[in-house]
Amino acid sequence: MTIMKKMFFIALAAISLMGAACNDDDNNGTDTIIQATDLPQAARSFVETHFPGATYTRVEKQSRADSDGSIYDVQLSNGFEIDFTAQGAWTDIDGNHQAIPAAIVPASISQYVTANYASQSVTNIGIERHGYDVELSNDVELVFNTNGQFIRIDR
């Protein structure tokens, strides 16, 4: 084998290894399927309150928390996906193009969206270190601080 071919294969192997190491999931694929009854009570109460009638289609527990503190990944029969911390607080709610229940969205964020994007609804909301990341039904992404005050449109 020529030196050029060896270098090519070494580079290809290195790129493959880097891709595997840069997995988007912080827990490196160590999710365990659990029963909904194994979720913290706060998480179960949240689902019962805001998504009545929805059933759990998949509940996963990660071996260690993601960067946002989430350790539980929950999928519901209505298409919603919710991430929870070990204590049962939500960190991310993805409506998969459906409106997030209004009671979940902080009032100041809801007011901003109504005033500036009246025909749009919040379809994804996540709690981050800086505050909240919000996606609207028109795919516009907004960033708010921890007090729910608008910072910028995320591009």
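Keep in mind it's a predicted model, so treat the numbers as computed, not measured. (Residues numbered from 1 in each chain as written. Predicted model: local features only at pLDDT ≥ 70, side-chain atom pairs only at ≥ 80, totals over all residues. Heavy atoms only, no water.)

Peer 1: Break down the overall build of the chain for me, with residues and values.
Peer 2: Check the secondary structure of the chain and you find three helices and nine strands. Reading the secondary structure of the chain in the N-to-C direction produces α-β-α-β-β-β-β-α-β-β-β-β. In the chain, buried positions account for 34% of the 155 residues. For the chain, long-range pairs separated by at least 24 residues make up 37% of all intrachain contacts whose partners lie at least 6 apart in sequence. Accessible surface, the chain as shown: approximately 9300 Å² in total, 53% of it carbon and sulfur. (Helix = DSSP H or I, 4+ residues; strand = E, 2+ residues; numbered from the N terminus. Buried < 20%, exposed > 50% of the residue type's maximum accessible area, 1.4 Å probe, protein only. Contact = heavy atoms within 4.5 Å. Areas by Shrake-Rupley, 256 points an atom, 1.4 Å probe, with all protein chains shown as cover.)

Peer 1: Can you lay out the sheet that holds strand 4 (residues 81–85) for me, pointing to particular residues and giving the numbers?
Peer 2: As summarised here, the arrangement of the nine strands in space is 1-2-3-4-5-6-7-8-9, forming an open sheet in which the pairing is antiparallel. Strands at the two margins of the open sheet, each flanked by one partner only, are strand 1 (32–33) and strand 9 (150–154). Here strand 8 (residues 141–145) runs beside strand 9; their pairing, made up of four bridges, is antiparallel. Bridging across to strand 9, F144 finds its partner in F150. Of the strands in this sheet, strand 2 (56–61), strand 3 (70–76), strand 4 and strand 5 (90–94) touch helix 2 (residues 41–50), which is tilted by about 150° from strand 4. On top of the sheet, helix 3 (residues 107–116) reaches strand 6 (122–127), strand 7 (131–136), strand 8 and strand 9; it is set at about 140° to strand 8, its chief contact. (Pairing = 2+ DSSP bridges. Axes fitted to C-alpha atoms, helices over the stretch in contact; angles between N-to-C directions.)

Peer 1: Explain the pairing of strand 6 to me, and be specific about the residues and the numbers.
Peer 2: Burial runs high along strand 6: five of the six residues are buried. As paired strands, strand 5 and strand 6 are joined by three bridges and run antiparallel to one another. By the bridge assignment for strand 6, I93 is matched with I125. When strand 6 meets strand 7, the two strands line up antiparallel, connected through five bridges. Residue pairing in the sheet places N124 in a bridge with E135 of strand 7. If you look at the hairpin formed by strand 6 and strand 7, you'll find three residues sitting between the two strands.

Peer 1: Talk me through the nonpolar core; I want residue IDs and the actual numbers.
Peer 2: Residues F51, I82, F84, W90, I93, I125 and V134 are the most contacted members of the largest nonpolar core, which totals 31 residues. Those elements that place two or more of their residues in this core are helix 2, strand 3, strand 4, strand 5, helix 3, strand 6, strand 7 and strand 8. Not counting chain neighbours up to four residues away, the residues in contact with F51 comprise F46, L76, N78, F80, I82, I93, P101 and I104. (Core = buried A, V, L, I, M, F, W, Y, C linked by side-chain atoms within 4.5 Å.)

Peer 1: An account of the side chain of T85 is needed here, citing residue identities and associated values.
Peer 2: By the secondary structure assignment, T85 is in strand 4. Taking the relative accessible area as the measure of exposure, T85 reaches 12% and is therefore buried. The residues contacting T85, other than those within four sequence positions of it, are P40, G69, S70, I71, Y72 and T91.

Peer 1: Outline the side chain of R44, supporting the account with residue identities and numerical values.
Peer 2: Here R44 shows up in helix 2. Here R44 is buried and forms no salt bridge, its nearest opposite-charge partner E48 lying at an N-O distance of 5.3 Å. In contact with R44, other than residues within four places in its own chain, are A36, T37, L39 and Y56. (Lys, Arg positive; Asp, Glu negative; His and termini not counted. Salt bridge = Lys/Arg side-chain N within 4 Å of Asp/Glu carboxyl O.)

Remember, this is a structural readout, not a statement about activity or role.
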